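Here are the chains, one letter per residue:
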Amino acid sequence: MRSKRKYKGGPAQERSILYGLRKAVTRHLIKNSAPYAPALSPLFFFFLAHIITLLALFCMQTGILQKDQMLYKTMVTWAVYGFLPFLLCSYVSFYCIARPVADLLERRFPFWSSSILNISSGGAYGLAIGLFLVLLLKPHTVLSILLLLLIGLAAGQGNWFFYRKLVNRAA
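On a predicted model such as this, the values are computed, not experimentally measured, just so you know. (Residues numbered from 1 in each chain as written. Predicted model: local features only at pLDDT ≥ 70, side-chain atom pairs only at ≥ 80, totals over all residues. Heavy atoms only, no water.)

So, about the overall build of the protein chain. When helices and strands are counted, the protein chain shows 6 helices and 0 strands. Split into buried and exposed, the 171 residues of the protein chain put 25% on the buried side. A sequence separation of at least 24 residues applies to 72% of the contacts in the protein chain between residues at least 6 apart. Just so you have it, the protein chain exposes about 12500 Å², and 69% of that area is on carbon and sulfur atoms. (Helix = DSSP H or I, 4+ residues; strand = E, 2+ residues; numbered from the N terminus. Buried < 20%, exposed > 50% of the residue type's maximum accessible area, 1.4 Å probe, protein only. Contact = heavy atoms within 4.5 Å. Areas by Shrake-Rupley, 256 points an atom, 1.4 Å probe, with all protein chains shown as cover.)

Positive phi, normally seen in glycine, also occurs at K138, with a value near 50°. In this structure, K138 sits in the loop between α5 (114-137) and α6 (142-170). Judged by relative accessible area, which is 60%, K138 ranks as exposed.

Bringing the packing of helix α4 (residues 83-108) against α5 into the picture now. Axis separation between α4 and α5 bottoms out at 8 Å; the angle between their running directions is 145°. Note on packing geometry: the crossing formed by α4 with α5 is right-handed. Grouping the amino acids of the contact of α4 with α5 by side-chain chemistry returns 18 nonpolar, 4 polar and 1 charged. (Axes fitted to C-alpha atoms, helices over the stretch in contact; angles between N-to-C directions. Left-handed = near helix turned anticlockwise from the far one by under 90°. Nonpolar A, V, L, I, M, F, W, Y, C, P; charged D, E, K, R; others polar.)

The next subject is the side chain of S121. Here S121 is to be found in helix α5. Relative accessible area serves as the criterion here: at 2%, S121 is assigned to the buried category. Apart from the residues lying within four places of it in its own chain, the contact partners of S121 are A102, L105 and W160.

This brings us to the side chain of N159. You can see N159 is positioned in helix α6. A relative accessible area of 1% places N159 in the buried class. Discounting residues that sit within four places of it in the chain, N159 has contacts with A37, P38, L40, S41, P42, S90 and Y125.

Written out as structure tokens, the structure is:
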């Protein structure tokens, strides 16, 4: 008689390649999360632009929106082609402006609270992203310039918030 070998361990899912790969990627992201922080807001805006694009397509199919509206064309262009320039602006601003400004503000104003330092560093970071986007896209109206600066400020504040949380958690 032959004895059957009993496998120890959990369910079959734990032995699969995809489960092991996902676990390894998750461990890597948790261990080395700080370099990925500047990509969080561009990813968020990328997915938001795609959701709005899908909503616009749905509204065009139902007849709510007309197919020749400029808003739809702009949204599709940004959803497809805008991610990489936005990501580049985010990383350049993070390493060239946000981190040096944070160090400078901490040295010059040691009496400021950490929340004021984080808001001002995130604001400088966001303003740099917005200015890079304005220089890159060269908008024609003041409203477009203000919208790009607002998107840059939101991205900078969000990325800096996540970066500080990740750095504080890792320390």
